Amino acid sequence: MVEIEIDGKTLQVADGSTIIEAAHQLGTYIPHFCYHKKLSIAANCRMCLVQVEKAPKPMPACATPVTNGMKVFTHSELAVKAQKAVMEFLLINHPLDCPICDQGGECQLQDLAVGYGESASKYEEEKRVVPDKDLGPLVSTDMTRCINCTRCIRFTAEIAGFMELGQSYRGERAEVMPFIGKTVDTELSGNIIDLCPVGALTSKPFRFSARTWELSRRKSVSPHDGLGSNLIVQTKHDKVMRVLPLENEDINECWLTDKERFSYQGLNSQGDNGRLTKPMVKQGGEWKEVDWSAALDYAAHALRDVAKTHGAAAIGGLVSPHATLEEMYLAQKLLRGLGSENIDFRLRQSDFSADGHRRGTPWLGMKIADISRLDRVLVVGSFLRKDHPLIAQRLRQSAKRGAQVSVLHSADDDLLIKLAARAIAAPSHLPAVLAQVVKAVCQIKGVAADAALAGVTISAEAQAIAQSLASGSNTGVLLGNFAQQHPQAATLQSLGQQLASALGGSVGFLGEAANSVGGYVAKAVPGVSGLNASAMLKDLRQAYVVVGAEAELDCADGAQALAALGKAAVTVVLTPFKSQAMLDYAAVLLPVSPFTETSGTFVNTEGRVQSFYAATKPLGDARPAWKVLRVLGNLLQVAGFEYNSSEEVRAEALGGQPVFVSGLDNGIDGIALNLTATVNGLERIADVPIHFADALVRRAPALQQAADSAAPSARMNAATLNKLGVAAGDKLKVKVGAGGTATVTLAAELDAGLPDGTVRVAAAHADTLALGAMSAVLSVEKA
C-alpha cells in the first residue's frame, strides 16, 4: 500500500493503482471518456487530466500510477483549464444533435459538456462528417458523433475475444470501423452500446422508440441460461422498451449477452407464432376463445376424468427449465396432489440413470466468481461461447492471466480462449477419452484409478490434458450442456467426479437454463414410481400438463414429443406463446405471463436465490402461471393451494428465504461406467443455437436476423464429405438411420473442427424437428 493525497484528503491505496482508481476509492469524480474499469488503459481522450505536484504539466489520471507521497489536485485551476480545453476540442467536430440523439439524457459527453464546455464555440470551419457503418441488426451507428475513445475496439478484442472493430486513418480523420464487409457478430456485441459514452453506437431495435427520461425502471433476472444475469427492465406504457445490465460482480459483472439484451422483443410478438393473450379451448376440432372460468373448468374436468378413468399415473407433467421456482413447485404439487409422480423439467436430457444415485442437487460446484480464480480448468461437452457466453468470458480473462484451460468436446469450435490442450472425439467416444484423462491424472498423481479403467489406453491428447490439469493447484472440471444431454451423461459425471477427486479440485455443471438448479429444489423431478421426461413421451400418457415449454422444440426428441402430445386424450398447455404445433396437439391453451409480467424466483447455477417482481402488467388476458396453477389446484380440490402471493409459494418451496439453497452436492454413487462405443452410421452432434434455446429468443426479430440465427446445415469435416461423395454447398437429404422415413433437406457445410463419422445438425429448430433425438444416428445422401 502507498499513501497519497487527493484534493487535501489522505488515503492508502494498493501499489500499482492509478490516480483515477484512487479517486474512485475516495469518492472523488474525475471526468473521463476512454477509461473503463474492465478495459485496458488507452489514455486517448485526455479528459481526465489532473494536476500532480511537481509534475511539469497535467497528467492523465487513468494512466498515471500512484507513488508514495503523491499529491493530486483534481479541481485546481490548472486541472480545470486542461479539462475545459479537451472538451473544446472534443466538441469541435461533434454534430451537437442532442435533440434527435437516442443517447440524449444519458450521454457522458452531454453531461460533461454542461460542466466543462463553453456556451459558444470559437471553431467556425466546416465540421467533418463520418459515414455510418453497418454493424449488423443489433447496433446502430452515427459515427460523426464518435469521439474515438476506442472503448468498443478494446471491448471486442479483450472481452469478447475477437477484434471486430478497429481504427483507421490518423488525427482528425481517424475513424472507428469494422473490417471490410464484416459486421459485429459476437454473442456479446450489444455491450458496445453501453460502453459508448456518446451517441455513436445505439440499440437498433430501441432506436427512436422512447426517450430515457420517459422510461420506468425495474430490477429483474435473466430467464435464459443458468447464470442468472441481473437486469434493468425499462418500460413505457406497460411495454418493455429496453433491457440493460444491472452490475453484479458476483454474477454477470457489468455485461449482458445479446440474447439477454434483445430477447424482450419477443414479449410483444404477434401473429400465429406470437403471444397468446386469451384462453382457448378446442371444441369439435375448432379453436374458440373463452373466458378464464370456462377454460379452467374445462382443464380441471379433463384432468379429473383421466385420473378417474385411467388412474393418476396416466397424467404426465412437462415443465420448462426456464419456468420460475414458484411455477415449478406448484406444477409438481398439483400433479402429486392428483396422485401422479410423472413430473420433470429436464426436457433435453436423455440419460436418467443417475436418478436415485445423486447425493444432492447438482450445481456449478463453486461460486461463479470463483471460476476466475481457477488455475486449471477442463470443460467437458460444451458449446461454451454460445451456451454460456459470460462464463466463457470469465475463462477468457483467466487464460490471459495464466490459467490453463483445456477442452474435451465433439466440436472444435473457436472459443476465443487460449487453450492449453484439447481432445475432439465423436459423441460415443467422449466417455472413453475422459476415462483416459482420469487414468493419466491418477498415474501422474500416484493415486489408484477405478478398476474399470484398467484396460484403457491413454492417447496423446488425453495425456496433454492430464499434464495440464495435474500441474495446477486449484482445478475445476465443468460439464456443459452437451455432456448433460449425452446418452451416457451419468458415466461422464462419474468420471468427472473421479477426475476432480484425483486432482483435489471440484466438479460442476454449467446450468443449461434459468432454473436448472431450481427444478431440483422445487422437486419438479419424478418420484420413485414416476416417469422422467423421456419415459413420459415414450410410454404415452393419456393426459399431459405442459408448463411454459414448446415441447416439440424444447425436448431431446422433438418429433417424439410432438407425436406423444398429439395422441394424448387431453393436453393442457400453460404458455405465454402459441405456435402451430400447439394448436395441433393441445386441447386447451392457458395464456400465462413471461418473466417481465410476473413475480418469481430463479435459482442460478451456483445455487443463488434471486427473486424479481413484474415490470409490466400482463398482456391481454394473460395471468401469472403460479396463479393459474393455484386456481387449478383449487378446482381439482388438491390440498394446500391457498396462496395469496408468490412469496408464500417461494417460502414453502425453499423452507424460508435463503440467499443460497441447501443440499447442493454433485456426488454420485453406484454408477457402472459405460465406456463402450458401438455406433453404425453418422453420429449426430446436436447443438442448440443460442437464439433458439427458448421460446422467448425464438420470437425476437433482431436476434433472428443475427449471424447466429442462420438456417441449420449439415456440417461435416472434409474426410466425411469425401467419403459420402458430396461437397460443401450440395443439397442433402438427411434422415434418421438407414431405415428412417422422415427426411430433412439441408445444405452441406465444411467444418474442419468435427471428428470423422459425425454430422453436426442443430436442434431446437423447426427445420430439423423431423430428425428426432439429439443423439440420433443419421444417414445422408445427395438431394
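Residues numbered from 1 in each chain as written. Predicted model: local features only at pLDDT ≥ 70, side-chain atom pairs only at ≥ 80, totals over all residues. Heavy atoms only, no water.

The protein goes by NADH-quinone oxidoreductase in an unreviewed UniProt entry, where it is assigned to Sulfuritalea hydrogenivorans sk43H. If you open the UniProt record of the protein and go to Sequence similarities (unreviewed entry), you find "Belongs to the complex I 75 kDa subunit family." The protein has a UniProt comment under Function (unreviewed entry) that states "NDH-1 shuttles electrons from NADH, via FMN and iron-sulfur (Fe-S) centers, to quinones in the respiratory chain. Couples the redox reaction to proton translocation (for every two electrons transferred, four hydrogen ions are translocated across the cytoplasmic membrane), and thus conserves the redox energy in a proton gradient." (UniProt positions renumbered as here; feature names shortened; annotations may be inferred.)

K.L.:
Would you explain the environment of Leu419 in this entry?
P.N.:
Structurally, the position occupied by Leu419 is in strand β19 (residues 419–424). By relative accessible area, Leu419 is classed as partly exposed at 21%. Placed 233 residues apart in sequence, Leu419 and Glu652 show a C-alpha to C-alpha distance of 45 Å. Among all residues touching Leu419, those that are not within four sequence positions of it are Val405 and Val407. (Helix = DSSP H or I, 4+ residues; strand = E, 2+ residues; numbered from the N terminus. Buried < 20%, exposed > 50% of the residue type's maximum accessible area, 1.4 Å probe, protein only. Contact = heavy atoms within 4.5 Å.)

K.L.:
What's the story with the domain arrangement of the protein in this structure? I'm lost.
P.N.:
Think of interface size as the accessible area that goes away when the parts come together; that is how it is often given. Splitting the protein by domain gives domain 1 (1–42 + 49–81), domain 2 (286–356 + 516–535 + 562–654), domain 3 (368–509) and domain 4 (682–782). Between the C-alpha centres of domain 1 and domain 3 there is a distance of 43 Å. (Domains from an automatic or database assignment.)

K.L.:
Can you walk me through the sheet that holds strand β21 (residues 506–509) in this structure?
P.N.:
Each strand in a sheet pairs with its neighbour through backbone hydrogen bonds, running either in the same direction (parallel) or in the opposite one (antiparallel). The strand order across the open sheet formed by five strands is β19-β18-β17-β20-β21, and the pairing between neighbours is parallel. Bordering the open sheet on either side are β19 and β21, each of which pairs with just one other strand. Ignoring strand direction, the axes of neighbouring strands in this sheet form an average angle of 15 degrees. Here five bridges tie strand β17 (residues 376–380) to strand β18 (residues 404–409), and the two strands are oriented parallel to one another. What sits directly across from Arg376, in β18, is Gln404. Helix α11 (residues 430–445) contacts β17, β18 and β19 of the sheet and is inclined by roughly 145 degrees relative to β18. The strands that helix α14 (residues 489–503) touches are β17, β20 (475–479) and β21; relative to β20, the one it contacts most, it runs at about 175 degrees. (Pairing = 2+ DSSP bridges. Axes fitted to C-alpha atoms, helices over the stretch in contact; angles between N-to-C directions.)

K.L.:
Sorry, what's going on with the packing of aromatic side chains here?
P.N.:
Each aromatic ring pair is characterised by the separation of its centres together with the angle its planes make. Counted according to the given criterion, the structure contains five aromatic pairs. Seen from their ring centres, Phe155 and Trp255 are 5.1 Å apart, and the 55 degrees between their planes marks the pair as tilted. With Phe155 in helix α4 (residues 151–158) and Trp255 in the loop between β12 (239–245) and α6 (258–262), the pair connects residues that are 100 residues apart, well separated along the chain. The burial state of Phe155 is the same as that of Trp255; both residues are buried. Aromatic side chains Phe345 and Tyr520 sit 5.3 Å apart centroid to centroid with 85 degrees between the ring planes, which places their arrangement in the edge-to-face category. Residue Phe345 is found in the loop between β16 (343–344) and β17, and its partner Tyr520 is found in helix α15 (residues 518–521); the two are separated by 175 residues along the sequence. (Phe/Tyr/Trp six-rings, centres within 6.5 Å; stacked < 30°, edge-to-face > 60°.)

K.L.:
Explain the pattern of salt bridges here, please?
P.N.:
Using the criterion set out here, one finds 36 salt bridges in the structure. Between Asp194 and Arg261 there is a salt bridge, and its shortest N-O distance comes to 2.7 Å. Here the residue Asp194 occupies a position in helix α5 (residues 191–195), and Arg261 occupies one in helix α6, the gap between them amounting to 67 residues. One salt bridge connects Arg373 with Asp370, and the closest N-O pair in it is separated by 2.3 Å. By relative accessible area, which is 55% here, Arg373 ends up exposed. Note on Asp370: relative accessible area 27%, which makes it partly exposed. (Salt bridge = Lys/Arg side-chain N within 4 Å of Asp/Glu carboxyl O.)

K.L.:
What exactly am I supposed to notice about the pairing of strand β22 (residues 543–547) here?
P.N.:
For a regular strand, side chains alternate in direction, first toward one face of the sheet and then toward the other. Of all five residues in β22, five are buried, a share of seventy percent or more. Across the two faces of β22 the burial is the same, with Ala543, Val545 and Val547 and Tyr544 and Val546 all buried. With five bridges connecting them, strand β15 (residues 315–319) and β22 associate as parallel partners. Looking at β22, one finds that Ile315 is bridged to Ala543. Here β22 pairs with strand β23 (residues 570–575) via five bridges, running parallel. Within the sheet, the bridge partner assigned to Tyr544 lies in β23 and is Thr571.

K.L.:
Got a minute to help me understand unusual backbone geometry in this structure?
P.N.:
Among all residues save glycine, negative phi is the norm, and among peptide bonds the norm is trans. Despite not being glycine, Asp238 has its phi angle at roughly 60 degrees, a positive value. Here Asp238 shows up in the loop between β11 (230–236) and β12. Residue classification places Asp238 among the partly exposed residues on the basis of a relative accessible area of 41%. Residues other than glycine seldom take positive phi values, yet Ala764 does so here, at roughly 60 degrees. Structurally, Ala764 can be placed in the loop between β31 (758–760) and β32 (777–782).

K.L.:
In this structure, what is going on with the packing of helix α8 (residues 325–338) against helix α20 (residues 625–635)? I would like to understand it.
P.N.:
Between α8 and α20, the least distance of the axes is 9 Å, while the angle of their chain directions is 15 degrees. With respect to their mutual orientation, α8 and α20 come out roughly parallel. When the axes of α8 and α20 are compared, the crossing they make is left-handed. The residues of α20 that touch α8, namely those facing Glu326, Glu327, Leu330, Ala331 and Leu334, are Ala625, Trp626, Leu629, Arg630, Leu632 and Gly633. Residues belonging to the contact of α8 with α20 are distributed by class as follows: seven nonpolar, one polar and three charged. (Parallel < 35°, antiparallel > 145°, perpendicular 65-115°, else oblique. Left-handed = near helix turned anticlockwise from the far one by under 90°. Nonpolar A, V, L, I, M, F, W, Y, C, P; charged D, E, K, R; others polar.)

K.L.:
Help me out: how do you make sense of the sheet that holds β11 in this one?
P.N.:
Strands sit in the order β10-β11-β12 across an open sheet of three strands; the sheet is antiparallel. Only two strands of the sheet have a single partner each, and these edge strands are β10 (216–221) and β12. Strand after strand, the sheet turns through a mean of 30 degrees between neighbouring axes, direction not considered. As paired elements, β11 and β12 share six bridges and run antiparallel to each other. What sits directly across from Val233, in β12, is Val243.

K.L.:
Honestly, the packing of α11 against helix α12 (residues 460–470) in this entry has me stumped. Any pointers?
P.N.:
Relative orientation and spacing of two packed helices are given, respectively, by the angle between their axes and the distance between those axes. With their axes 8 Å apart at the nearest point, α11 and α12 run at an angle of 50 degrees to one another. The angle between α11 and α12 falls in the class oblique. Remark: the crossing between α11 and α12 carries right-handed chirality. Between α11 and α12, the contacting residues are Val433, Gln436, Val437, Ala440, Val441, Ile444 and Lys445 on the first element and Ala462, Gln463, Ile465, Ala466, Gln467, Leu469 and Ala470 on the second. Along the lines of polarity and charge, the residues of the contact of α11 with α12 split into ten nonpolar, three polar and one charged.

K.L.:
Is there a simple way to think about the side chain of Arg684 in this case?
P.N.:
Mapped onto the elements of the fold, Arg684 is located in strand β27 (residues 682–685). One buried charged residue, Arg684, remains without a salt bridge, the closest side chain of opposite sign being Asp687 at 7.2 Å. Separated by 3.3 Å, the side chain of Arg684 and the backbone oxygen of Val761 make a polar contact. With near-sequence residues (within four places) excluded, Arg684 lies in contact with Pro427, Val759, Val761, Ala762, Ala763, Thr768, Leu771, Gly772, Ala773, Met774, Ala776 and Leu778. (Lys, Arg positive; Asp, Glu negative; His and termini not counted. Polar contact = N/O pair within 3.5 Å; in protein donor to acceptor, adjacent residues only side chain to side chain.)

K.L.:
Would you mind going over the UniProt feature "domain: 4Fe-4S Mo/W bis-MGD-type" (unreviewed entry) in the protein with me for this structure?
P.N.:
Here the UniProt-annotated "domain: 4Fe-4S Mo/W bis-MGD-type" (unreviewed entry) positions come out as residues 215–271. Secondary structure content for residues 215–271 is 9% helix and 35% strand, and the end C-alpha separation is 27 Å.

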